[in-house]
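# Chains, contacts and geometry: an overview
The chain contents come next:
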Amino acid sequence: AQTVTQSQPEMSVQEAETVTLSCTYDTSESDYYLFWYKQPPSRQMILVIRQEAYKQQNATENRFSVNFQKAAKSFSLKISDSQLGDAAMYFCAYSHNYGQNFVFGPGTRLSVLP
Amino acid sequence: DGGITQSPKYLFRKEGQNVTLSCEQNLNHDAMYWYRQDPGQGLRLIYYSQIVNDFQKGDIAEGYSVSREKKESFPLTVTSAQKNPTAFYLCASSARATGYEQYFGPGTRLTVT
């Protein structure tokens, strides 16, 4: 079975600085999708960024970018110019087959210090 | 606006009572999901449905039941058999054409006393 690991339960970053959240996963598949979701205090899950495994280019969305290392099965999220509104739980997720095997990691709580 | 709605936001029940949580989507998505989240924890899959009139158990289906009579609706019933029903419940949906990401509703906080 696929697993997703986030080894940093908590992280903190100074406002305007850059932070990287780690995620590793285990799969025997070659074609899959990876995601980062944000859950602010409102508890609404928000999709931050996604990556298709067949694409070598790392995905970016404004201040958010990923470092996807397929051979190492690593998928880290970099947040640049951190803002107070970035404070949230961040979940890494993996998806293979449609409607099945959507697996979430345990989450990393990010604090942004003013 | 397209999206997923869950109602109510907060729900209180007495122990021994069944309770149904609502989830509706107008995104025309085929698949829908129910997750449970406990304080400080990640998401655990309860049930999912890929198509109308079909659904599969997730990792923690015991004590829960679902139905999928319409594409737009995927209600979750928390039965009296569920030992620890107090939790935050999230509904999500996904569509074939959009690369498998899931979109979430705002959640329902269920408290059973």
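A brief look at the structure comes next.

Reading guide: rules and limits
- Residues numbered from 1 in each chain as written.
- Chains lettered and ligands numbered in written order.
- Predicted model: local features only at pLDDT ≥ 70, side-chain atom pairs only at ≥ 80, totals over all residues.
- Heavy atoms only, no water.
- Helix = DSSP H or I, 4+ residues; strand = E, 2+ residues; numbered from the N terminus.
- Rg over C-alpha atoms; globule rule 2.2 N^0.38 Å.
- Contact = heavy atoms within 4.5 Å.
- Areas by Shrake-Rupley, 256 points an atom, 1.4 Å probe, with all protein chains shown as cover.
- Lys, Arg positive; Asp, Glu negative; His and termini not counted.
- Charge placed at Lys NZ, Arg CZ, Asp CG, Glu CD.
- Phe/Tyr/Trp six-rings, centres within 6.5 Å; stacked < 30°, edge-to-face > 60°.
- Buried < 20%, exposed > 50% of the residue type's maximum accessible area, 1.4 Å probe, protein only.
- Lys NZ or Arg CZ within 6 Å of the ring centre and 35° of its normal.
- Core = buried A, V, L, I, M, F, W, Y, C linked by side-chain atoms within 4.5 Å.
- Pairing = 2+ DSSP bridges.
- Axes fitted to C-alpha atoms, helices over the stretch in contact; angles between N-to-C directions.
- Polar contact = N/O pair within 3.5 Å; in protein donor to acceptor, adjacent residues only side chain to side chain.
- 1 Å grid on protein atoms, 1.4 Å probe; cavity = no way out; pocket = protein on both sides within 12 Å on 5 of 7 lines; lining within 4 Å.
- Points joined across faces, edges and corners; volume = space filled by probe spheres on them.
- Nonpolar A, V, L, I, M, F, W, Y, C, P; charged D, E, K, R; others polar.
- Buried area = accessible area lost by both parts, 1.4 Å probe.
- Salt bridge = Lys/Arg side-chain N within 4 Å of Asp/Glu carboxyl O.

## Some thoughts on the overall build of chain A
Secondary structure summary: chain A contains zero helices and twelve strands in total. Relative to the 2.2 N^0.38 estimate, which gives 13 Å for 114 residues, the radius of gyration of chain A is 14 Å and therefore close to what a compact globule would have. A sequence separation of at least 24 residues applies to 54% of the contacts in chain A between residues at least 6 apart. For chain A, the computed accessible surface area is about 5,500 Å², with 44% contributed by carbon and sulfur atoms. For chain A, the separation between the mean place of its 9 positive charges and that of its 10 negative charges on side chains is 3 Å.

## With respect to the packing of aromatic side chains
The final tally for this structure, using the stated rule, is 16 aromatic pairs over all chains. Plain terms: the ring middles of Y33 of chain A and F35 of chain A are 6.5 Å apart, the flat faces sit at 15 degrees to each other, and that makes the pair stacked. Under the relative-accessibility criterion, Y33 of chain A is labelled buried at 13%. Relative to F104 of chain B, the ring of Y35 of chain B lies with its centre 5.9 Å away and its plane at 35 degrees, an arrangement referred to as tilted. With Y35 of chain B in strand β4 (residues 31–37) and F104 of chain B in strand β10 (residues 103–104), this residue pair connects regions lying 69 residues apart in the sequence. Among the aromatic residues, those joined into a cluster by ring pairs are Y33, F35, Y37 and F104 of chain A together with Y33, Y35, Y48 and F104 of chain B. Seen from the ring of F88 of chain B, R43 of chain A lies directly overhead, with NZ or CZ sitting 4.0 Å from the centre. Above the plane of the ring of F74 of chain B lies R68 of chain B, whose end atom (NZ or CZ) is 6.0 Å from the centre.

## What to know about the nonpolar core
Residues and elements named next belong to chain A. Counting residues in hydrophobic clusters, the biggest one holds 26 residues, and the most contacted among them are Y25, W36, F75, L77 and Y90. The leading source of residues in this core is strand β10 (residues 88–95), at four residues. Sequence-distant contacts of Y25, that is, excluding residues within four places in its chain, are made with T3, V4, Y32, L34, F68, Q69, K70, K73, S74, F75 and Y94.

## Quick word on the sheet that holds strand β8 (residues 76–78) of chain B
Through backbone hydrogen bonds, the strands of a sheet pair up, either in parallel or in antiparallel fashion. All names here are of chain B. Taken together, four strands build an open sheet; the order of strands is β1-β3-β8-β7 and the sheet is antiparallel. Only two strands of the sheet have a single partner each, and these edge strands are β1 (4–7) and β7 (64–66). For this sheet the average axis-to-axis angle between neighbouring strands, irrespective of direction, equals 20 degrees. Two elements, strand β3 (residues 19–25) and β8, share three bridges in a ladder whose sense is antiparallel. The partner of T20 across the bridge, within β8, is T77.

## Some thoughts on the environment of D86 of chain A
Residues and elements named next belong to chain A. Positionally, D86 belongs in the loop between β9 (74–79) and β10. Residue D86 is classed as buried on the basis of its relative accessible area, which comes to 2%. If we ignore the near neighbours within four places in the chain, the residues touching D86 are K38, R63, F64, I79, D81, L110 and V112. Within the structure, D86 has its side chain in polar contact with the side chain of R63 (distance 2.8 Å). Here the side chain of D86 touches Q83 through a polar contact of 2.8 Å, landing on its backbone nitrogen.

## Here's the deal with the layout of surface pockets
Quantified by volume, the largest pocket comes out at close to 370 Å³. For the largest pocket, the lining is made up of 20 residues, of which F102 and V103 of chain A together with L43, L45 and D59 of chain B are closest to its centre. Residue assignment for the lining of the largest pocket shows that the elements contributing at least two residues are β11 (102–104) of chain A together with β5 (43–51) of chain B. The leading source of residues in the lining of the largest pocket is β5 of chain B, at four residues. Considering only residue class, the lining of the largest pocket consists of nine nonpolar, seven polar and four charged.

## Concerning the interface of chain A and chain B
Facing 20 residues of chain A, the contacting portion of chain B comprises 24 residues. Taking both sides of the interface into account, the surface hidden between chain A and chain B amounts to around 1,900 Å²; carbon and sulfur atoms contribute 56%. Here chain A is connected to chain B by one salt bridge. In this structure, the connection of chain A to chain B is made through six residue pairs in polar contact (both at pLDDT 80 or more). For the side of chain A that touches chain B, the secondary-structure elements that each account for two or more residues are β5 (33–39), β6 (46–52), β10 and β11 of chain A.

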